[in-house]
Amino acid sequence: MLISVRDLAKTYSSADGPVRVLDGVSFDLEAGRTLALTGESGSGKSTLLHMIAGLDAPDSGRIMIAGRDITKLDDRGRAALRRSDVGLVFQQFNLIPSLSVADNLSFHARLAGRADPARQTDLAERLGLTAHLDRYPEQLSGGQQQRVAIGRTLAAAPALILADEPTGNLDEATGDSVLALMLDLVADSGASFLMVTHSARLADRLDARIHLSSGRIA
Amino acid sequence: MIRAALSALWSHWRRHPIQLLTLVVGLALATGLWTGVQAINAQARVNYDQAAATLGQDRLPRVEGPLTLADFATARRAGWPVSPVVEAQVPGTGLRLFGIDPFTLPQGAGAVVPDLSDPDLLRAFLAGRIVFAAPETLPRLPADLPEGRGLDGLAPGLVMIDIQAAQQVVGTTDITRLLIGPDAPDAPEALVRLLPGTTVTQPEADGDLARLTDSFHLNLTAFGLLAFVVGLFIVHATIGLAFEQRRTLFRTLRALGLPVRTLAVVLIAELFIFTLVAGALGILLGYVIAAALLPGVAATLSGLYGASVAGSLGLSPVWWLSGFAMAGLGMAGAGGLSLRRIVTMPILAPAMPRAWARAQRRGMRIQAAVGGVLLLLSVALAVLGQGLIAGFAALGALLLGAALLLPPILVVVLDFGAGRARGAVTQWLWADARQQVPGLSLALMALLLALAANIGVGTMVGSFRATFTGWLDQRLASELYVTAADPAQAGEIEGWLQGRADAVLPIVSAEATLADAPGDVFGVADHPTYRDNWPLLQAVPQVWARLAAGDGILVNEQLARRSDLWPGDLLSLQATGPLPVIGVYSDYGNPQGQAILGLATFDAAFPDAPRLRFAVRVPPDQAADLGAELAAAFDLEADQVVEQAAIKGFSLAVFEQTFAVTAALNVLTLGVAGFALWASLTTLGTMRLPQVAPVWALGLTRGQLAVSDLGRALILAVATALVAVPVGICLAWVLLAVVNVQAFGWRLPLLPDPGGWLALGGWSVVAAVLAAAIPAWRLWRIPPADLIKVFAHER
Amino acid sequence: MKDSIGTWAPQWGLACIFAVILCTQVAAQGFAGLGQGGEGFALPEPDPQFVFPQDHGPHPDYRIEWWYLTASLQSGDGTRYGVQWTLFRSALSPEGPQVWMGHFGVTTPEDHFSGEKLARGGLGQAGVAATPFSAWIDDWELAGPTLDTLTLTSRTSEAGYDLDLRAQGPLVFHGADGFSVKSGSGQASYYYSQPFYEAAGVLSLPTGDVNVTGRAWLDREWSSQPLDADQEGWDWFSLHLDDGHRLMGFQLRGPQPYTYASWITPDGHLTPYADGALRLTPLAQSRVAGRDVPTDWRLELPAEGVDIEVRAVNPDSWQDTLFPYWEGPVTASGTHTADGYLEMTGYE
């Protein structure tokens, strides 16, 4: 059992008063499995993903990753979690604009202390980035940028990979090919994979799926 | 429509209050420093004019010597339009007593004379019951002087009193001089025949204090201008950013039907309002700066040039208006380009920050090229140029060229650093710093200018100080300097000193025309004091022996440079005929040409020159005792017997005071640059979240991010400081070797001051860290939710 | 402009002090002291006993005093000229200091040159000595062994004069033996004259030197009292009649004009005529220095059968001094022919 989420709750204050984004969410994810997290806009699926990534903390409930309750971690602990145990792929790619493609690819792995040039070369090749290693993110297309983001995550070899609408900014054909490539690579790495998407079609390509509605699992 | 447009445009400033603050403060600082310096200069000039115009004595010939009021009456009865003056220090107050005769005072434009139209007032003045002084001088009047009345326009420190009352106060029946008014019946020399023992002094050629103190004011003005330019960098950066950020808004407004002309008018109005507000603030600031610095400036000018400057400000409306004009000029310069870009923008041009960024990169190459050309131009001007204007143009081209070259240089340096970095975070640090260069370039250029100016001026001051100190040691070789009251006493003193002192060297001088300009000629005795000490820049062999033999003349550096008179050339004096120049000596702080003759030659050429002053050689440990004995024996005032150490101490104190003001302006300029950096970093800080958030998401704490922010500021500041050192040294060289020579006629050696440069580098690091501290602290304390928003696809 | 005002200010203050007599508009400042003898100054008393030559010298106990010489002159070709020389003394207080003011005037039919000097007393720059007589300020001087034999020398940057004066008759004493009343309310001065000088000398004019001869008149007057507050100014005539008589007359203008005349026979006998006997009527005005000044008068002294018209030789005889006034030579015709001097103050 890699992830175990129990009774997770989170309330944000907004202009219209407090909004209960998560309201007692519980689920599990086995190591090496893939899980889709679907739901409408505002259903709380991104918030849930951010909490599992250690970016945000819940009001109540527990998130166990590899037997450790990450809700108990302080700032530094959560940073260490993000650095070593979790890989993140965002809809906006969120590459580091000042670094070249090659440096972006190796960045997370070097932070995690798991830099492996051989694996990186292999990844660049499989992601079709070998010709672009000296370029900068702004010179790449959206699909290329997302492939860099995927490569950055996989190069760090985390146990858990989280993706938030990774194909949301890509056209359907590009998105499909990027997702297929990502799933292949995830499968090869043996990591667990949790992906937020609003698309049932994409969700169907993962092992399992849970649906959030108004902060609860439907 | 206009109202809607206005509110839309204004909403930008409401959402970006820091930007608004930066803009206003930047312009206010620029205006403030400039107007502050101008206020000081204007005040000083007003006071010089007052001092010079007091009794019009700057323009009138006068008779001095042993004189009483009976001599005055004799001269008047002989038809001479003379007026008596008693001038004396009021002991212990720093005040100057000016005794006048209101009935015969020569009339002239600019003379400040009390209004005695009230007979009671006239009665009281003649009876010595009241005196007049500038209002700011009144509180300094001691209790034993008659009651003071305010008189605007009187030079500071001057107390105007009736002549007979002045004689009573001073305890004398003598008068100091007779001023010869216009319409004299004969040449003034004829009056000397009537009053034996007196001498005529023609209006002083160097009486114009404004000219004497030009060097000092030039210094201040240059700094004011520099501070203004540094401030303008801030304004330019902020306006550019505000316009860029509102590009989308402008496009929308125009798409909604707002004519481009109206948009331009609205934007101009906006800039105009900023100008008014910031200009007003700046003028207030300038007033505060001037009021704060003026006492120091006044002390300097009084010590250095004997010029009286009021310690408080009186400002004319013109000054206030010019402050606004400067603010407007600055705003027009800073905003004009941005405005033009908006007006000429096609209506549907997309907001393309990326394209803009790429255009900037292209711009950087052009910038580097222009900077290089400017540096070459600067070198050409410095080497080939003639005149002060060329000197300043060389300075300007140097500073501007260096500023333009700074961003490209920084990019190269940071690229190099990123390539060498090992860790992922350090590599990112370098790379991200490089990424920030375009956004920070204007602030960094401002910092470069401030640092370079500090290094340049600091080096100049240091070189000047070292040279000046050494020169004082050489020039003031004698232990005692004595001034007798009259030729008879001079003879007695000389006799008295024989046997008591090792040597008594007369100091004699006369005014003469040197190469078509007024100057002084000195006569010196043939004595080792001169041979061993006098600082000669160039000389023929056996120069002192030849001087004593009357075979030549020494000229000071100013005269040598101005008139191109070097050893081997001939200088012709009216009194001597042509003489070969046999040496050139340094003569700092003297704006005029000067020459030295052997004593015998001098006496033959200027038989009437008063022989009142002596330099006395005694063993240094006996100087004080001999001075005291001499003063007691001849009832000499403290300023008539001066020890060498006192003169040196005084000269150096004046020197330090002079450059204390410069140092204050230096710190202010650096402060302005620091503010620019802070403003830019703060603005960028809010825009940088998308670049910082991914790094945070990949496992850095906010604390680490904050530290890296500080580190980046540090890298940039150190890199800028490293560029500033050579620029500053070049600046110092131009100041010492070009501007000084053109402005004052002497050239100083450049003495490097690595310690000072290091300290300045340290200060720039402090400035940068302080500037980066608040943005960094904000990053450290930023709620994670704000970072997460970067990833939220709903945004 | 401001500068020149500032420069002039102290002199202007002096002018105000001298104007105590010359000008009524500032008289108020000294008026309060009238009852106490002008702030501690001595006051003229009736029945004066003059002692000469001492009384030709200054009287510092009195506030104001003058030595006032006018000369009506002609050159060989008959051209008329006038010369004025005045030394005023004013005591700022009874204890001093004394201040002196000299006035200079030369009139030709076309030009008028004026000059002015100021000095403090006690230094020797200006003063008066009785024996031998000398009155001077700077290099302007009226001097001689006695008052009967004087030399007058003065010059400005524009013009100058050197005149020898020989008295051909005795001193005359105006009013009641030299006690001269100046108003209905009793202001008075000591006043005597030497109206019988024959004058000869040289005028130095910008156009060259001119030899002149003619007749001169010296007035001596001292007092401590200002004019009445409502008196606007005065018109003063000194005339040498061709039949050898001399006539001095003045009027003090105001709501109650006050006139006085002295009729002097060729042998020096003086008949005083009190208020009302003399009638002065302006006949024509001239525009001088921005004001209208009567330069043509009808003068009537019916008691002596005098009815003459007095005309200015040069209507522009304006004394451009700190306290400006009109003063110049005149000629007269009618029942008598005469020449002399006219002084007019207080025309605004």
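Along its length, chain A carries 7 helices and 10 strands. Within chain A, residue pairs in contact and separated by at least 24 positions form 72% of the contacts whose partners lie at least 6 positions apart. By element, 45% of the accessible surface of chain A is carried by carbon and sulfur atoms, the whole surface being about 8700 Å².

Helices and strands together make up the secondary structure of chain C, namely 3 helices and 23 strands. Expressed as a percentage of the 348 residues in chain C, the buried residues total 63%. Considering only contacts within chain C whose residues lie at least 6 apart along the sequence, 55% involve residues at least 24 apart. Total accessible area on chain C stands at roughly 12100 Å², and carbon and sulfur atoms take up 51% of it.

Attention shifts here to the packing of helix α3 (residues 101–112) of chain A against helix α5 (residues 142–155) of chain A. All names here are of chain A. At their nearest, the axes of α3 and α5 sit 6 Å apart, and the two run at 35 degrees to each other. The way α3 lies across α5 gives a crossing that is right-handed. Listed contacts from α5 to Val101, Asn104, Leu105, His108 and Ala109 of α3 are Val148, Gly151, Arg152 and Ala155. Its residues assigned to classes, the contact of α3 with α5 shows 5 nonpolar, 3 polar and 1 charged.

Geometrically, a pair of aromatic rings is defined through the distance of the ring centres and the angle of the planes. All names here are of chain C. Under the definition given, this model contains 29 aromatic pairs over all chains. Taking 5.9 Å as the distance between ring centres and 70 degrees as the angle between the ring planes, the aromatic pair formed by tyrosine 62 and tyrosine 190 counts as edge-to-face. Of this pair, tyrosine 62 sits in the loop between α3 (37–40) and β1 (64–75) while tyrosine 190 is found in strand β12 (residues 188–205), placing the two residues 128 residues apart along the sequence. Its relative accessible area of 9% is what places tyrosine 190 among the buried residues. On the basis of an interplanar angle of 90 degrees and a centroid distance of 6.0 Å, the ring pair of tyrosine 192 and tryptophan 222 is categorised as edge-to-face. Residue tyrosine 192 is found in strand β12, and its partner tryptophan 222 is found in strand β13 (residues 208–223); the two are separated by 30 residues along the sequence. Here tyrosine 192 and tryptophan 222 have matching classes, each one buried.

Moving on to the confidence of the model for chain C. Across chain C, the average pLDDT comes to 85, with 88% of residues at 70 or higher. Contacts from residues 1–37 of chain C, a stretch scored under 50 in pLDDT, to residues over four places away or in other chains number 91 contacts.

All names here are of chain A. Taken in spatial order, the 6 strands of this open sheet run β6-β7-β8-β3-β9-β10, and their pairing is mixed. Both outer strands of the open sheet, β6 (86–89) and β10 (216–217), are each paired with one neighbouring strand and no more. As paired elements, strand β9 (residues 208–213) and β10 share 2 bridges and run antiparallel to each other. The residue bridging serine 213 from the neighbouring strand is arginine 216, located in β10.

In this section: the pairing of strand β5 (residues 126–129) of chain C. Residue and element names in this part refer to chain C. Sheet topology places β5 next to strand β6 (residues 133–137); 4 bridges connect them, and they run antiparallel. Bridging from a neighbouring strand, alanine 126 pairs with isoleucine 137 of β6. Linking two consecutive strands that pair antiparallel, namely β5 and β6, is a turn of 3 residues.

With omega at 5 degrees, the peptide bond leading from phenylalanine 52 of chain C into proline 53 of chain C counts as cis. Structurally, proline 53 of chain C is set in the loop between α3 and β1. In this structure, the amide linkage connecting threonine 131 of chain C to the following residue, proline 132 of chain C, adopts the cis form with an omega of -20 degrees. Within the secondary structure, proline 132 of chain C is located in the loop between β5 and β6. The backbone of aspartate 7 of chain A sits at a positive phi, close to 50 degrees, despite the residue not being glycine.

With that settled, consider a nonpolar patch on the surface. Residues and elements named next belong to chain B. On the surface, a nonpolar cluster with roughly 820 Å² of combined accessible area is contributed by Phe272, Ile273, Leu276, Val277, Leu281, Leu284, Tyr287, Trp320 and Phe324. Of all elements in the fold, only α10 (260–305) and α11 (317–343) reach the threshold of two or more residues within the nonpolar patch. It is α10 that contributes the most residues to the nonpolar patch, 7 residues altogether. Structurally, the position occupied by tryptophan 320 is in helix α11.

Attention now goes to the packing of α3 of chain A against helix α14 (residues 424–475) of chain B. Between α3 of chain A and α14 of chain B, the least distance of the axes is 9 Å, while the angle of their chain directions is 140 degrees. It follows that α3 of chain A is oblique to α14 of chain B by the angle criterion. Residues Asp103, Phe107, Arg110 and Leu111 of chain A of α3 of chain A form the contact with α14 of chain B, whose participating residues are Ala424, Val425, Gln427 and Trp428 of chain B.

Basis of the calculations
Residues numbered from 1 in each chain as written. Chains lettered and ligands numbered in written order. Predicted model: local features only at pLDDT ≥ 70, side-chain atom pairs only at ≥ 80, totals over all residues. Heavy atoms only, no water. Helix = DSSP H or I, 4+ residues; strand = E, 2+ residues; numbered from the N terminus. Contact = heavy atoms within 4.5 Å. Areas by Shrake-Rupley, 256 points an atom, 1.4 Å probe, with all protein chains shown as cover. Buried < 20%, exposed > 50% of the residue type's maximum accessible area, 1.4 Å probe, protein only. Axes fitted to C-alpha atoms, helices over the stretch in contact; angles between N-to-C directions. Left-handed = near helix turned anticlockwise from the far one by under 90°. Nonpolar A, V, L, I, M, F, W, Y, C, P; charged D, E, K, R; others polar. Phe/Tyr/Trp six-rings, centres within 6.5 Å; stacked < 30°, edge-to-face > 60°. pLDDT = per-residue confidence, 0-100. Pairing = 2+ DSSP bridges. Patch = residues over 30% accessible without salt bridge, like charges linked within 9 Å, V, L, I, M, F, W, Y side chains within 5 Å. Salt bridge = Lys/Arg side-chain N within 4 Å of Asp/Glu carboxyl O. Parallel < 35°, antiparallel > 145°, perpendicular 65-115°, else oblique.

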